[in-house]
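Summary of structural features
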Amino acid sequence: MNPQNPFAGTHLDRRAEARLRDDWLEEALADPGTRFLAMRQGAALVRPATEGQLTRAVFLANNDPRVATHLVPERLVLLGWFTGQRTLLVDLDPDNASTGEGEAFSELRPLASELSAPEAALLAYARALHIWRANHRHCGRCGAPTTAVRAGHALVCTNCDFESFPRIDPAIIVLVHDGERALLGRQSTWPPNRYSTIAGFVEPGEALEDAVRREVDEETGIHVTSIDYHSSQPWPFPSSLMLGFQAHGDYAEPTLHDGELEDARWFTRAQLRDGSVLLPPAGAISRRLIDSWLGAVA
Ligand SMILES: [Zn+2]
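Here we summarise the structure given alongside this text.

About the criteria used
- Residues numbered from 1 in each chain as written.
- Predicted model: local features only at pLDDT ≥ 70, side-chain atom pairs only at ≥ 80, totals over all residues.
- Heavy atoms only, no water.
- Helix = DSSP H or I, 4+ residues; strand = E, 2+ residues; numbered from the N terminus.
- Buried < 20%, exposed > 50% of the residue type's maximum accessible area, 1.4 Å probe, protein only.
- Contact = heavy atoms within 4.5 Å.
- Areas by Shrake-Rupley, 256 points an atom, 1.4 Å probe, with all protein chains shown as cover.
- Lys, Arg positive; Asp, Glu negative; His and termini not counted.
- Charge placed at Lys NZ, Arg CZ, Asp CG, Glu CD.
- Donors = N, O, S within 2.8 Å, 3.2 Å for Na, K, Ca; no water.
- Tetrahedral: all angles 85-135°; square planar, octahedral: opposite > 155°, others 65-115°.
- Pairing = 2+ DSSP bridges.
- Phe/Tyr/Trp six-rings, centres within 6.5 Å; stacked < 30°, edge-to-face > 60°.
- Lys NZ or Arg CZ within 6 Å of the ring centre and 35° of its normal.
- Expected span 1.5 Å × (residues − 1).
- Salt bridge = Lys/Arg side-chain N within 4 Å of Asp/Glu carboxyl O.
- Polar contact = N/O pair within 3.5 Å; in protein donor to acceptor, adjacent residues only side chain to side chain.

This part is about the overall build of the protein chain. Assigned secondary structure in the protein chain consists of six helices and 17 strands. Taken along the three principal axes of its C-alpha coordinates, the protein chain extends 65 × 50 × 30 Å. With 298 residues in all, the protein chain has 47% of them scored as buried. A fraction of 65% describes how many contacts in the protein chain between residues 6 or more apart in sequence connect residues 24 or more apart. As presented, the protein chain carries roughly 14,400 Å² of accessible surface, and 50% of it is formed by carbon and sulfur atoms. Of note, the protein chain has its 28 positive side-chain charges centred 4 Å away from the centre of its 40 negative side-chain charges.

Looking at the zinc ion, one finds its protein donor set to be Cys139 (SG), Cys142 (SG), Cys157 (SG) and Cys160 (SG), positioned 2.2 to 2.4 Å from the metal centre. The coordination sphere of the zinc ion comprises four donor atoms, whose angles at the metal cover 98 to 117 degrees; the geometry is tetrahedral. Mapped onto the sequence, the residues coordinating the zinc ion show the spacing C-x2-C-x14-C-x2-C. Relative accessible area serves as the criterion here: at 2%, Cys157 is assigned to the buried category. Using a relative accessible area of 24% as the deciding quantity, one classes Cys160 as partly exposed.

Most of helix α6 (residues 285-293) sits out of view: eight of its nine residues are buried. Inspection of α6 places Ile285, Ser286, Arg288, Leu289, Ile290, Asp291, Ser292 and Trp293 among the buried residues, and these make up the whole buried set. Looking at the buried positions of α6, the neighbouring elements they touch are β12 (169-177), β13 (181-186), β15 (224-235), β16 (240-249), β17 (263-268) and α5 (269-273).

Omega for the peptide link from Phe237 to Pro238 comes to 5 degrees, which places this bond in the cis form. By the element assignment, Pro238 lies in the loop between β15 and β16. In this model, Ala151 sits at a positive phi of 55 degrees, which is unusual for a non-glycine residue. Mapped onto the elements, Ala151 comes out in the loop between β9 (146-149) and β10 (154-157). For Ala151, a relative accessible area of 2% gives the class buried. Non-glycine residue Asp161 carries a positive phi angle of around 70 degrees.

Spatial strand order, β9-β10-β11: three strands in an open sheet with antiparallel pairing. In the strand order of this sheet, the two ends are held by β9 and β11 (163-164), each with one partner. Judged from the four bridges that link them, β9 and β10 form a sheet pairing that is antiparallel. Looking at the pairing, Thr147 lines up with Val156 of β10.

Turning our eyes to something else, we now look at the packing of aromatic side chains. The final tally for this structure, using the stated rule, is seven aromatic pairs. With a centroid separation of 6.0 Å and an interplanar angle of 55 degrees, the aromatic rings of Phe7 and Phe237 are classed as tilted. Of the two residues, Phe7 sits in the segment before β1 (12-13) while Phe237 sits in the loop between β15 and β16, which places them 230 residues apart along the sequence. Here the two residues Phe7 and Phe237 agree in accessibility, since each one is buried. Members of the aromatic cluster, joined through ring pairs, are Phe7, Trp235 and Phe237. Seen from the ring of Phe59, Arg35 lies directly overhead, with NZ or CZ sitting 4.1 Å from the centre. Across the ring face of Trp293, the terminal group of Arg269 is positioned such that the distance to the ring centre comes to 3.9 Å.

Turning our eyes to something else, we now look at helix α3 (residues 117-134). With 18 residues, α3 should reach 26 Å at 1.5 Å per residue; the first-to-last C-alpha distance of 26 Å fits that figure. Most of α3 sits out of view: 14 of its 18 residues are buried.

Within the element layout of this structure, Gly9 appears in the segment before β1. C-alpha separation for the pair Gly9 and Leu278, spaced 269 residues apart in sequence, amounts to 28 Å. Beyond its immediate sequence surroundings of up to four residues, Gly9 is in contact with Gln4 and Ala121.

Here we come to the pattern of salt bridges. The tally for this structure, following the rule as stated, stands at 21 salt bridges. Here Glu215 and Arg214 are joined by a salt bridge, their closest N and O atoms 3.1 Å apart. It is possible to trace a salt-bridge network through shared partners that takes in Arg21, Asp23, Glu27, Asp31 and Arg86.

Right, let's talk about the side chain of Asn5 for a bit. One can find Asn5 in the segment before β1. Looking at Asn5, the relative accessible area reads 3%, which means it is buried. Here the side chain of Asn5 touches Ser231 through a polar contact of 3.0 Å, side chain to side chain. Only 2.9 Å separates the side chain of Asn5 from the side chain of Arg288, close enough to count as a polar contact.

What follows is the structure, given as structure tokens:
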């Protein structure tokens, strides 16, 4: 069993110190082994799955014409060294982003289970940076354009020098149980009979455990008495980090407070195992929290 959540894992040597070199781009272009991962409006250039083959990321070479027209710091990020090779993200101009034979631009989310774990993690990292840069082209303080520094890992205002860094929004996701039963809820937009764990964003001024208690109370009225950290998952849609917990809660009839859930119920292990409840898909941290409580995975 893979103990890591999808999009997680140390599959890349980031070498953060290399971002500080003034000549990082010249070095990258002089290295014939440098490869470019291309993204366009949030979608990644991939070679979609074929019979017996996983979906694969497409790595473009230095001399690919699609790269050659985008060799400016505003369109590049030094991601690190992936399988030993220097790897850059290139943000392609949507009007100038052709696909080769057998290639396609694809949203990452549905690919989570189609890519190898290392490539899924690499694309999640690249997507987080790609979306952040697209959304911070102007300074949040004075409104002037920003320019990329630190090999694309920071944006600095061209007027007031205000620096912004990649954004990560922490969110908690928690399986609440009373020992015998697990508390799951469903949103009205989900497929019929789909139930999942309780989740929500951490608010300013909250510790993670404060957010767990508040979210569970707001969504279900259940009082949480103890909280254990389980695992986490990068979730770049657009910029979340899902922090997974299991928590003990006092058994009581759930009451829906904040309107986020359409229903919340306690389920026994037998009810969750017998297939009558539609659980989150494999690859979601919510599913791993449930499977872990059921004893099926770590
Ligand atoms: Zn500014």
